[in-house]
Amino acid sequence: MSVPKAVAATIRLTVPAGGARPAPPVGPALGQYRLNLMAFCKDFNARTQKYKADTPMAVTITAYKDNTFEFTVKSPSVSWYLKKAAGVDSGSSRPGHVTASTLSVRHVFEIAKAKQSDPFLQNMPLESISKSIIGTANSMGIKIVKDLD
């Protein structure tokens, strides 16, 4: 059995899809642990090329003491998806009182299907993910309706 590597740090970043460059914020975060910046940038950009450019991707990098690393890429946040689908820049300043926009249940279902690819949501049913998305939408002041008229 192999001996587990000693972990130096766990780094969490939000990087635009296909836009990892050795400049800030990626460079300083990885540089202080002496990780190979170009290897990370190439791998990350290759993994995120199916997403549109400037899509904010959450990435968790595990840096090891022997200057190697592993990373997992998560899909964009639910609030980002909701804002894109609703076509708004930000949610309501008074959720529950002022409605920022309305979305149909179909939009919620599509977002849930996209989020199901995340490592920590793979075993959850779509219905549970959809309920969570509806809760996020309510807290942002986005109303969910059965069908858009």
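If you're wondering where the values come from, they're calculated on a predicted model, not measured in any experiment. Residue positions are counted from 1 within each chain, in the order its sequence is given. Whole-chain, interface and lining totals are the exception, using all residues; otherwise, since this is a predicted model, local features are given only for residues with pLDDT of at least 70 and side-chain atom pairs are given and counted only at 80 or more. By convention in this description, side-chain values take in all heavy atoms of the structure and omit both hydrogens and water.

Draft legend 1. Here's a closer look at the packing of aromatic side chains. Side-chain rings of Phe, Tyr and Trp, where Trp is taken by its six-membered ring, are said to pair if the distance between their centres is within 6.5 Å; with planes under 30 degrees apart they count as stacked, over 60 as edge-to-face, and otherwise as tilted. In the structure shown here, the tally under the stated rule is six aromatic pairs. The interplanar angle of 70 degrees and the centroid separation of 6.2 Å between the aromatic rings of F40 and F69 together place this pair among those described as edge-to-face. Of this pair, F40 sits in helix α2 (residues 37-47) while F69 is found in strand β3 (residues 69-74), placing the two residues 29 residues apart along the sequence. Each residue gets one of three labels from its accessible area relative to the maximum for its type: buried under 20%, exposed over 50%, partly exposed in between, using a 1.4 Å probe on protein chains only. The exposure class assigned to F69 is buried, which follows from its relative accessible area of 18%. Here the aromatic rings of W80 and Y81 are separated by 5.6 Å at their centres, their planes lie at 70 degrees, and the arrangement is edge-to-face. By definition, any uninterrupted DSSP run of H or I lasting at least four residues is a helix, any uninterrupted run of E lasting at least two residues is a strand, and each is numbered from the N terminus.

Draft legend 2. Expanded view of the UniProt feature "domain: Large ribosomal subunit protein uL11 C-terminal" (unreviewed entry) in the protein chain. UniProt positions are given in the numbering used here, feature names are shortened, and annotations may be inferred rather than shown by experiment. The positions UniProt marks with the feature "domain: Large ribosomal subunit protein uL11 C-terminal" (unreviewed entry) are residues 74-144. Annotated as 49% helix and 11% strand, the span residues 74-144 places its first and last C-alpha atoms 25 Å apart.

Draft legend 3. Up close: the pattern of salt bridges. Whenever a carboxyl oxygen of Asp or Glu lies within 4 Å of a side-chain nitrogen of Lys or Arg, that contact is scored as a salt bridge. Within this structure, the stated rule accounts for two salt bridges. In this structure, E110 engages K113 in a salt bridge whose closest nitrogen and oxygen atoms are separated by 3.9 Å. Placement of the pair is E110 and K113 together in helix α4 (residues 105-115), with a separation of three residues, close to one helical turn. The closest approach of N and O atoms between K131 and E127, which form a salt bridge, is 3.7 Å. Placement of the pair is K131 and E127 together in helix α5 (residues 126-140), with a separation of four residues, close to one helical turn.

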